[in-house]
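# Observations on the model geometry
What follows is the residue order along each chain.
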Amino acid sequence: GENVEQHPSTLSVQEGDSAVIKCTYSDSASNYFPWYKQELGKRPQLIIDIRSNVGEKKDQRIAVTLNKTAKHFSLHITETQPEDSAVYFCAARRTSYGKLTFGQGTILTVHP
Amino acid sequence: ETGVTQTPRHLVMGMTNKKSLKCEQHLGHNAMYWYKQSAKKPLELMFVYNFKEQTENNSVPSRFSPECPNSSHLFLHLHTLQPEDSALYLCASSRIQDSGGTGELFFGEGSRLTVL
């Protein structure tokens, strides 16, 4: 089955800096890659996703890049703010019908 | 109330107790899921229900028993749990699209379970 590895497990940055979280996946047939943000004590919420027919997608301060050949995708957050502090999960899915396989999560802390 | 709601938010139970977790979605979705979230582990899919029919059981021990009476409600019945079952249990829902594909997952706030 699919295996998703996420790094780093913790990331600490200063406000205004950029943050990058990387994930690798094992199943070359995976074609959907969402990112979820989970604030402390809150539910995970989808913040951005990308499908395998594009290489990059951007939404304001967040962007996701996908390298299908290398089987990895990354989340980029620019101009970080303290409210970006949360746990971020990447995931991969093989088909529209398949289950999501999640990475282990990254605890991002943005210091004011 | 909108979204996905879970009750109770916190539950402490002994190993011989029987309890249930409840999930309700007000989004008109037709697929519901139970996930287990433990410290330093990925979110683990436990059960999937599509149109009230269980379509996936990820080798979950029989001490966890799901029930989906309709597309809006999902239960997780708990019996003779072990301390290692202590975790955050997240319910989620999604819409199965006309193409058969599964849309975005919407999660509930979770039920924090502690087994003594």
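Throughout what follows, the structure given in this document is the object of discussion. (Residues numbered from 1 in each chain as written. Chains lettered and ligands numbered in written order. Predicted model: local features only at pLDDT ≥ 70, side-chain atom pairs only at ≥ 80, totals over all residues. Heavy atoms only, no water.)

With that settled, the discussion passes to the pairing of strand E6 (residues 56-59) of chain A. Residues and elements named next belong to chain A. Alignment of E6 against strand E7 (residues 62-67), held across 4 bridges, turns out to be antiparallel. Paired with Lys 57 across the strands is Val 64, a residue of E7. Turn length for the E6-E7 hairpin, with the two strands adjacent in sequence and antiparallel, is 2 residues, and the turn residue Gln 60 shows positive phi of about 60°. (Pairing = 2+ DSSP bridges. Helix = DSSP H or I, 4+ residues; strand = E, 2+ residues; numbered from the N terminus.)

Another point: the layout of surface pockets. Of the pockets and cavities examined, the largest pocket occupies roughly 660 Å³. Of all the secondary structure elements, the ones that give two or more residues to the lining of the largest pocket are strand E9 (86-92) and strand E11 (106-111) of chain A together with strand E11 (111-115) of chain B. Grouping the amino acids of the lining of the largest pocket by side-chain chemistry returns 8 nonpolar, 13 polar and 7 charged. Looking at the second largest pocket, its volume works out to about 350 Å³. Elements with a contribution of two residues or more to the lining of the second largest pocket: strand E10 (101-102) of chain A together with strand E5 (44-50) of chain B. (1 Å grid on protein atoms, 1.4 Å probe; cavity = no way out; pocket = protein on both sides within 12 Å on 5 of 7 lines; lining within 4 Å. Points joined across faces, edges and corners; volume = space filled by probe spheres on them. Nonpolar A, V, L, I, M, F, W, Y, C, P; charged D, E, K, R; others polar.)

Considering all chains together, one arrives at 5 salt bridges over all chains under this definition. A salt bridge links Lys 37 of chain A to Glu 39 of chain A; the shortest N-O distance between them is 3.6 Å. In this structure, the salt-bridge partner of Arg 43 of chain A is Glu 109 of chain B, at a minimum N-O distance of 3.0 Å. In this pair, Arg 43 of chain A sits in the loop between strand E4 (32-38) and strand E5 (45-51) while Glu 109 of chain B sits in the loop between strand E10 (106-107) and E11, so the two residues belong to two different chains. (Salt bridge = Lys/Arg side-chain N within 4 Å of Asp/Glu carboxyl O.)

Let us now look at the environment of Ala 87 of chain B. All names here are of chain B. With respect to the helices and strands, the residue Ala 87 is situated in strand E9 (residues 87-94). It is 16 Å that separates the C-alpha atoms of Ala 87 and Asn 17, two residues lying 70 residues apart in sequence. Contact partners of Ala 87, with chain neighbours within four places excluded, come to Lys 36, Gln 37, Ser 38, Ser 111, Arg 112 and Leu 113. (Contact = heavy atoms within 4.5 Å.)

Moving on: the sheet that holds strand E1 (residues 4-7) of chain B. Strand pairing in a sheet takes place through backbone hydrogen bonds and is either antiparallel or parallel in direction. Residues and elements named next belong to chain B. In space, the 4 strands of this open sheet follow the order E1-E3-E8-E7, with antiparallel pairing throughout. Every interior strand has two partners, whereas the edge strands, E1 and strand E7 (64-70), have only one. Between one strand and the next, the sheet's axes are offset by a mean angle of 20°, whatever the strand orientation. Alignment of strand E3 (residues 18-25) against strand E8 (residues 73-79), held across 7 bridges, turns out to be antiparallel. In the strand pairing of E8, Lys 22 is matched with Phe 75. (Axes fitted to C-alpha atoms, helices over the stretch in contact; angles between N-to-C directions.)

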